[in-house]
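For reference, the chains in residue letters:
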Amino acid sequence: LRQKDYDYWLAGLLMPSKARRAFYAVRSFNVETASIVDSVRGNVIPGKLRVQWWRDVVHKCYTDGRSDLPQGYPVLACLADAVATHNLSRRWLDKSLDARERDLEIDQPQSMEVALSFCTRPFFVPGEYDLNYGRSLSLVLRRDF
Amino acid sequence: MVEASASFCVVIFNLSQELSKYCDDAHASMILLALECLAPAVGAAPPAAADLAAYHAGHAVGLATLLRGTAAHAANGRLYVPKDVMQRHGARVRAVLLGPEPPQDEALDAALDEHELDARRKRRKQPVSTSERKAAKAAVAELCRAAQWHLAAADAVTRGCPPPGLQRAINAQPVAGWYAESAAAASGQVVRAPWRLAFLPVARAAQYFEALEERNFNLHHADLWPSPAPIEQHRPLPFQLKVLGAAWGLASPFTV
């Protein structure tokens, strides 16, 4: 956590020791799930599977299936402890996973659109994908600069 | 064909609402969890004002994360500046993404014939014009101002005051209903020392937006673009002092 999320590691040091362990567990969970989106290139299916894996294990943390939790995942073990001792709201964990999943899904329509425009326009240049539909509006709003 | 183009597809949040939802779900939730982590040590449930401050702080942290990572996301074919913000300023993806030169895609180059390849090389060399740069900066500036407003709002809420320009905010936010309720519940509450610990890392976002403004909203300025580099190398001492000051109640984590 110190390497991946220095700011929160530093903040955790200043917390009371009771809170620190749970805080680090939550932040590690965040680092793990955020890295899913960053590691996806092109194909989103493996990313979605990993988000679903987290969804399943979070569900197990909250139901009585804690003994079924997969072994060998230190972040998961810490998170399960934090959930048990600190009464964390499941809603926030789920919302965070929802956000990661939407982040993965948002890829698809856009890539299709770009793929289509690539097929139909012979001179399509990546990076020149023009979004300048609202020029007349923008002229009014540009006066600050 | 799809394989080749997937590498440069541009991901844009279609609406600012989507961006707001992302910030709320991904970042504000984490601050709320941090508050819950502190609850047993304090021996009470977090106050309503802390929950509302988490909402605002989550927006600031989310925007800082997305803007700071622009270059890293671009390598993945993603851009998180919302489409409506770009359109409002007439900004083009190319101008926001480009620092030095357009992205290259070797797989795509190989698929093109000589004539097209020449045309593309020429366009790649074209510098982004001054007006394009201005439009891109204006779009970034809008996000930066939004984040700074959220920081100011979080600061005000933790002091027990209503956020600045509350009515305007309620008009602009899609969550007006619940927002008005929680603002009413939070008014007059001051978020005290142990709860403030959950907000310490927000100081990084405050510093980032201050620096972004100083550098004229240029996302690609060397001082602002450490996203491939580890963050602790980025101005460590001011941040450490700030965090310590905020932990001891000497300073607010939401201001620079």
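These numbers come from a predicted model, not from an experiment.

## Comments concerning the overall build of chain B
Item 1. Looking only at helices and strands, chain B features 14 helices and 0 strands.
Item 2. What you see in chain B, going N to C, is helices and strands ordered as α-α-α-α-α-α-α-α-α-α-α-α-α-α.
Item 3. Burial analysis of chain B (256 residues in total) assigns 56% to the buried set.
Item 4. Considering only intrachain contacts with a sequence separation of at least 6, the fraction spanning at least 24 residues in chain B is 78%.
Item 5. When the accessible area of chain B is evaluated, it comes to approximately 10,600 Å², of which 56% is carbon and sulfur surface.

## Concerning the pattern of salt bridges
Item 1. Under the counting rule described, the total for this entry stands at 12 salt bridges over all chains.
Item 2. Between A:R21 and A:D81 there is a salt bridge, and its shortest N-O distance comes to 3.9 Å. Of the two residues, A:R21 is situated in helix α2 (residues 17–39) and A:D81 in helix α4 (residues 74–86); the sequence distance between them amounts to 60 residues.
Item 3. The class of A:R21 is exposed, set by a relative accessible area of 58%.
Item 4. For B:K21, the salt bridge is made with B:D25, and the minimal N-O distance between the two is 3.4 Å. Of the two residues, B:K21 and B:D25 are both situated in helix α2 (residues 16–42); the distance of 4 residues between them amounts to about one turn of the helix.
Item 5. Three or more residues joined by partner-sharing salt bridges are found here, namely A:K95, A:R102, B:K21, B:D24 and B:D25.

## Some words on the nonpolar core
Item 1. Residues A:W54, B:F199, B:F209 and B:L212 are the most contacted members of the largest nonpolar core, which totals 107 residues.
Item 2. What B:F199 contacts, discounting residues up to four positions off in sequence, is B:I31, B:L35, B:A50, B:A53, B:A54, B:A57, B:P253 and B:F254.

## A look at a nonpolar patch on the surface
Item 1. A contiguous nonpolar surface patch, about 380 Å² in accessible area, is contributed by B:L244, B:W248 and B:L250.
Item 2. On the secondary structure map, B:L244 appears in helix α14 (residues 236–247).

## A closer look at the packing of aromatic side chains
Residues and elements named next belong to chain A.
Item 1. One pass over the structure, following the stated rule, counts 8 aromatic pairs over all chains.
Item 2. Look at Y8 and F23: their rings are 6.5 Å apart centre to centre, the planes differ by 35°, and that puts the pair in the tilted class. Of this pair, Y8 sits in helix α1 (residues 6–13) while F23 sits in helix α2, and the two are 15 residues apart along the sequence. F23 carries the same exposure label as Y8, and that label is buried.
Item 3. Cluster of aromatic residues (ring-pair linked, three or more members): F29, W53, W54 and Y73.
Item 4. For R27, the ring lying beneath its charged end belongs to Y8, and the centroid distance is 3.4 Å.

Conventions and cut-offs
- Numbering of residues begins from 1 in every chain and follows the order in which that chain's sequence is written.
- Working convention: letters from A go to chains and numbers from 1 go to ligands, in the order in which they are written.
- Per-residue local features of the predicted model are confined to residues with pLDDT of at least 70, and side-chain atom pairs are confined, for both listing and counting, to 80 or more; whole-chain, interface and lining totals are unaffected and use all residues.
- For side-chain calculations, the full set of non-hydrogen atoms in the structure is used, while hydrogens and water are omitted.
- We count a stretch as a helix when DSSP gives it H or I for four or more residues in a row; a strand needs E for two or more, and each element gets its number in order from the N terminus.
- Only protein chains enter the accessibility calculation, which uses a 1.4 Å probe. A residue is then buried if its area is under 20% of the maximum for its type, exposed if over 50%, and partly exposed in between.
- In what follows, residue pairs with any heavy atoms lying within 4.5 Å of each other are defined as contacts.
- Residue-level accessible areas treat just the shown protein chains as cover; the underlying method is Shrake-Rupley with a 1.4 Å probe.
- When a carboxyl oxygen of Asp or Glu lies within 4 Å of a side-chain nitrogen of Lys or Arg, that pair is called a salt bridge.
- Nonpolar cores are built from buried Ala, Val, Leu, Ile, Met, Phe, Trp, Tyr and Cys residues. Side-chain atoms within 4.5 Å join them into one set.
- Patch criteria: residues need more than 30% relative accessible area and no salt bridge. Like-charged residues are merged within 9 Å; nonpolar side chains of Val, Leu, Ile, Met, Phe, Trp and Tyr are merged within 5 Å.
- Any Phe, Tyr or Trp ring, taking Trp's six-membered ring, that has another such ring centre within 6.5 Å forms a pair; planes under 30 degrees apart are called stacked, those over 60 apart edge-to-face, and the others tilted.
- A positively charged side chain is recorded as over a ring if its NZ (Lys) or CZ (Arg) lies within 6 Å of the ring centre. The angle to the ring normal must also be within 35 degrees.

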